[in-house]
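# A structural walkthrough
Now for the letters of each chain:
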Amino acid sequence: MSDFTPDEMMTIAASRALTNDDVCFVGIGAPSAACNVARLTHSPDITLIYESGTIGTAPDVLPLSIGDGELCETALTTVSVPEMFRYWLQGGRITIGFLGAAQLDRFGNINTTVIGDYASPKTRLPGGGGAPEIASSSQQVYMTCKQSRRAFVQTVDFYTSFGHGDGGDHRQRLGITTKGPTLLITDMAVWQPDEETKEFTVHSLHPGVTREQMRDSVGWDIRYADEVVETEPPSAEELTVLRELKARTKAAHERSSRSGSRSQSDG
Amino acid sequence: MAFMTLREAVADTVRDGCSIAFEGFTHLIPHAAAHEVMRQGMSDLTLIRMTPDIVYDQFVGLGRVKKMIFSYAGNPGVGLLRRVRDAAENSWPKPIEIEEHSHAAMANAYEAGAAGLPCAMFRGYLGAGLKEVNPNIKSVICPFTGEDLAAVPALKPDVTFIHAQRADRAGNVLLEGIVGIQKEAVLAARKAVVTVEEIVDDLSAHPNMTVLPHWTVHAVCKVPGGAHPSYVHGMYDRDNAAYLEWDKIAADRQAFADWMEEHVMRASSDDFAKRIKGLERAAS
């Protein structure tokens, strides 16, 4: 299989990082696709948890929001939101928190709150939702996000979710005992934090991606590992599973939307 | 508990300047109740909700909101809330005060309200920027271990509105599916109003399904379709197209005003039943 998009490569590379033993707290969007591809390929026994309270969910189509009915109907059990955050997340049962980001820096700090000043923002974003505590209470955090100069910035405008702060032992100094961001999968590369400095470092480039393209899509001086490899391209099976999942999702959401014109007039 | 029309229940419970929670986590969002409050004109409101989506966008766009307490202000699956953005970025139609939290904090704060505690404590906000901008996020030291924990005030809304599948003839309320924060939001409130799809002789509830005894709610109102465009587990699906369309409507001040006039101000809670046509689930 030779023909695939950068988006497909990102989702599939992210899916490979998960295992059957993981209990994964799934963020909406790109993380959700990756987690379900993992479940439908190499990790059928992975436990997927969404913050609406659904535990052990196995959706046939990707949810539009973290509270879609599909998640509840296919879950092992559905708990209340306070139980989700207290017993399951704060209680330490989540092995991987999988987050997306609007803006992130080289230490894996995430901003989804504001662009510009908090009190008089240039752009008011939705805010953190579950992410601040997913970032600190999950045993480790994986992140997935498309690279662009707008998203990959020198300094985030707001620390919605703490990654490695200023790097080094900053987490420990704040009393955080979990590992924090350990993996960043983008549409161009796979990054891991340096053991000492905690700065994200490129470990593999997706097929066809050049260092020049990398430079143009990231707002800081990129560090590369001593040995940078090429990401294994998607297999035929991985691509088929992902494309079928996306096709089922599109068909299901169009069906449940009925005709757009009617609902606009009725509201 | 009294059975009332939604119009009566809103007139009976909501005043200018009061604090209201309309809860629902994507599922069971009490849209009809929110529209009734908009129609009756109450203003200067403090609106509380973990996930203020398009109903709070509507309240903010109408200029009825003094303050919003929330943890995620987005249009789920679509993007940003354009009326909330216009208020936060341009003070249009007027500025709003914002008290912003994380989901964990809001969930703990409602639970503390339900439990009669003055505040909630939990392990959270570690390294998070909200601590710097929200004076209601403080910390307490665990007297046993010395651990520094986050503390936030309990949430105690003047009125909580929720939507549920059904009530029985005594007014006991059954919720099933994604139950979110609704039980806590009801028990934390001074008064709670529940809109339901139907009123039945027997709830036929599994012993562990979420039932709110009739004496925990102030009023029950029958409003079929009252969650639309949100969904009701086992009864009707989410109207995803309506959420997508909202993004276009809310992008323009005049389009917003026109839409609100037609679909809220000149409508009634009886109109919700026809809005779910074509979205119903076959009875199982």
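Structure shown above.
Note that this is a predicted model, so its numbers are computed, not measured.

Right, let's talk about the overall build of chain A for a bit. Counting its secondary structure elements, chain A contains nine helices and 14 strands. Projected onto the principal axes, the alpha-carbon positions of chain A cover approximately 50 × 45 × 40 Å. Within chain A, the fraction of its 267 residues that count as buried is 58%. In chain A, the share of contacts with a sequence separation of at least 24, taken over all contacts with a separation of at least 6, comes to 64%. Within the structure as shown, chain A displays about 10,900 Å² of accessible surface, and the carbon and sulfur contribution to it stands at 48%.

Turning our attention to the interface of chain B and chain A. A common way to report how large an interface is uses the accessible area buried once the components associate. Facing 60 residues of chain B, the contacting portion of chain A comprises 53 residues. Summing both partners gives a buried area of about 4,500 Å² for chain B against chain A, and 56% of it is carried by carbon and sulfur. Viewed at the interface, chain A and chain B are joined by three salt bridges. The closest approach of N and O atoms between arginine 124 of chain A and glutamate 100 of chain B, which form a salt bridge, is 2.7 Å. There are 17 residue pairs in polar contact (both at pLDDT 80 or more) connecting chain B and chain A. Looking at the side of chain B that touches chain A, its residues break down into 28 nonpolar, 18 polar and 14 charged.

Side-chain pairing between opposite charges can occur once the charged atoms of the two side chains come close. For the coordinates displayed, the defined rule picks out 25 salt bridges over all chains. Residues lysine 67 of chain B and glutamate 99 of chain B are paired through a salt bridge, measuring 3.1 Å at the closest nitrogen-oxygen approach. Of this pair, lysine 67 of chain B sits in strand E4 (residues 65-70) while glutamate 99 of chain B sits in strand E7 (residues 97-100), placing them 32 residues apart in sequence. A residue is classified by how much of its surface remains accessible, and glutamate 99 of chain B, at 8% relative accessible area, is buried. Look at the salt bridges and you will find they share partners, linking Glu73 of chain A together with Asp237 and Arg281 of chain B into a network.

What follows is about the packing of aromatic side chains. Aromatic ring pairs are reported here in terms of the distance separating the ring centres and the angle at which the planes meet. Scanning the entire structure with this criterion turns up 14 aromatic pairs over all chains. Between the aromatic rings of phenylalanine 152 of chain A and tryptophan 191 of chain A, the centroid separation amounts to 6.4 Å while the plane-to-plane angle is 40°, which identifies the pairing as tilted. Pair noted here: phenylalanine 152 of chain A is in the loop between strand E10 (140-144) and helix H6 (170-173) and tryptophan 191 of chain A is in strand E12 (residues 189-193), with a separation of 39 residues, a long-range link. On the basis of relative accessible area, tryptophan 191 of chain A is assigned to the buried category, the value being 0%. In this structure an aromatic cluster arises from ring pairing among Phe22, Tyr56, Phe59 and Phe161 of chain B. The cationic tip of arginine 238 of chain B hangs over the ring face of tyrosine 243 of chain B; the distance from NZ or CZ to the ring centre is 3.9 Å. Between the NZ or CZ atom of arginine 275 of chain B and the centre of the ring of phenylalanine 272 of chain B, over which it lies, the distance is 4.5 Å.

Rules used in this analysis
Residues numbered from 1 in each chain as written. Chains lettered and ligands numbered in written order. Predicted model: local features only at pLDDT ≥ 70, side-chain atom pairs only at ≥ 80, totals over all residues. Heavy atoms only, no water. Helix = DSSP H or I, 4+ residues; strand = E, 2+ residues; numbered from the N terminus. Buried < 20%, exposed > 50% of the residue type's maximum accessible area, 1.4 Å probe, protein only. Contact = heavy atoms within 4.5 Å. Areas by Shrake-Rupley, 256 points an atom, 1.4 Å probe, with all protein chains shown as cover. Buried area = accessible area lost by both parts, 1.4 Å probe. Salt bridge = Lys/Arg side-chain N within 4 Å of Asp/Glu carboxyl O. Polar contact = N/O pair within 3.5 Å; in protein donor to acceptor, adjacent residues only side chain to side chain. Nonpolar A, V, L, I, M, F, W, Y, C, P; charged D, E, K, R; others polar. Phe/Tyr/Trp six-rings, centres within 6.5 Å; stacked < 30°, edge-to-face > 60°. Lys NZ or Arg CZ within 6 Å of the ring centre and 35° of its normal.

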